[in-house]
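The residues making up each chain are set out below.
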Amino acid sequence: MKYFELTAYTPYCGEELTEYHMAESEDQLTTSLIVDDLIADCVSSYMDSSDWEDYGFESEEEFVEYYYEGSGVDIREISEEEYKEAKERGW
């Protein structure tokens, strides 16, 4: 078993959400819904789609599309010890 730190981000600096997971491989994580769900959680934590005009977009749909297209997940393999420490801290 391998241990991973997943950090989802949006196109705006400082908008991040981190989770820790166990998996057989990084590929197993990326082909599961874990990554997609983490991105959706991160976006929903920060994006207020009613602000689309404030950011200079032509429509709410354009703003939402930009937000999702600029979002992603960084995956970093970590040690079992780092994983356990993160879980103990409540991650």
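Residues numbered from 1 in each chain as written. Predicted model: local features only at pLDDT ≥ 70, side-chain atom pairs only at ≥ 80, totals over all residues. Heavy atoms only, no water.

Engineer: Break down the side chain of Thr7 for me, with residues and values.
Structural biologist: Structurally, Thr7 can be placed in strand β1 (residues 2-9). Separated by 3.3 Å, the side chains of Thr7 and Thr18 make a polar contact. With near-sequence residues (within four places) excluded, Thr7 lies in contact with Glu16, Leu17, Thr18, Gly72, Val73 and Asp74. (Helix = DSSP H or I, 4+ residues; strand = E, 2+ residues; numbered from the N terminus. Polar contact = N/O pair within 3.5 Å; in protein donor to acceptor, adjacent residues only side chain to side chain. Contact = heavy atoms within 4.5 Å.)

Engineer: How would you sum up the nonpolar core? Please name residues and give values.
Structural biologist: Residues Leu6 and Val73 are the most contacted members of the largest nonpolar core, which totals 15 residues. Only β1, α2 (33-46) and α3 (60-69) provide two or more residues apiece to this core. If one sorts the elements of this core by residue count, α2 sits on top with five residues. Residues within four places of Val73 in sequence aside, it is in contact with Leu6, Thr7, Ala8, Tyr9, Val35, Leu38 and Ile39. Ranked by size, the runner-up nonpolar core spans five residues in total, among them Tyr20, Ile78, Tyr83 and Ala86. (Core = buried A, V, L, I, M, F, W, Y, C linked by side-chain atoms within 4.5 Å. Buried < 20%, exposed > 50% of the residue type's maximum accessible area, 1.4 Å probe, protein only.)

Engineer: Just give me the short version of a negative patch on the surface, but keep the residues and values in it.
Structural biologist: Together, Asp48, Glu53, Asp54, Glu60 and Glu61 make up a negatively charged patch on the protein surface. Tracing the chain through its elements places Asp48 in the loop between α2 and α3. Take Asp48: its relative accessible area is 38%, and that puts it in the partly exposed class. (Patch = residues over 30% accessible without salt bridge, like charges linked within 9 Å, V, L, I, M, F, W, Y side chains within 5 Å. Areas by Shrake-Rupley, 256 points an atom, 1.4 Å probe, with all protein chains shown as cover. Salt bridge = Lys/Arg side-chain N within 4 Å of Asp/Glu carboxyl O. Lys, Arg positive; Asp, Glu negative; His and termini not counted. Charge placed at Lys NZ, Arg CZ, Asp CG, Glu CD.)

Engineer: So, the environment of Phe4: which residues are in play, and what are the values?
Structural biologist: With respect to the helices and strands, the residue Phe4 is situated in strand β1. Accessibility expressed as a relative area gives 1% for Phe4, which makes it buried. Excluding residues that lie within four positions of it along the chain, Phe4 makes contacts with Glu19, Tyr20, His21, Ala23, Ser25, Glu26, Leu29, Ile75, Arg76, Glu77 and Ile78.

Engineer: Explain the packing of aromatic side chains to me, and be specific about the residues and the numbers.
Structural biologist: Going through the model one piece at a time under the given rule, you end up with eight aromatic pairs. Taking 5.4 Å as the distance between ring centres and 15° as the angle between the ring planes, the aromatic pair formed by Tyr55 and Phe63 counts as stacked. Relative accessible area serves as the criterion here: at 1%, Phe63 is assigned to the buried category. Centre to centre, the rings of Phe57 and Phe63 are 5.2 Å apart; their planes meet at 50°, and the pair counts as tilted. As far as the burial class goes, Phe57 and Phe63 line up, both buried. (Phe/Tyr/Trp six-rings, centres within 6.5 Å; stacked < 30°, edge-to-face > 60°.)

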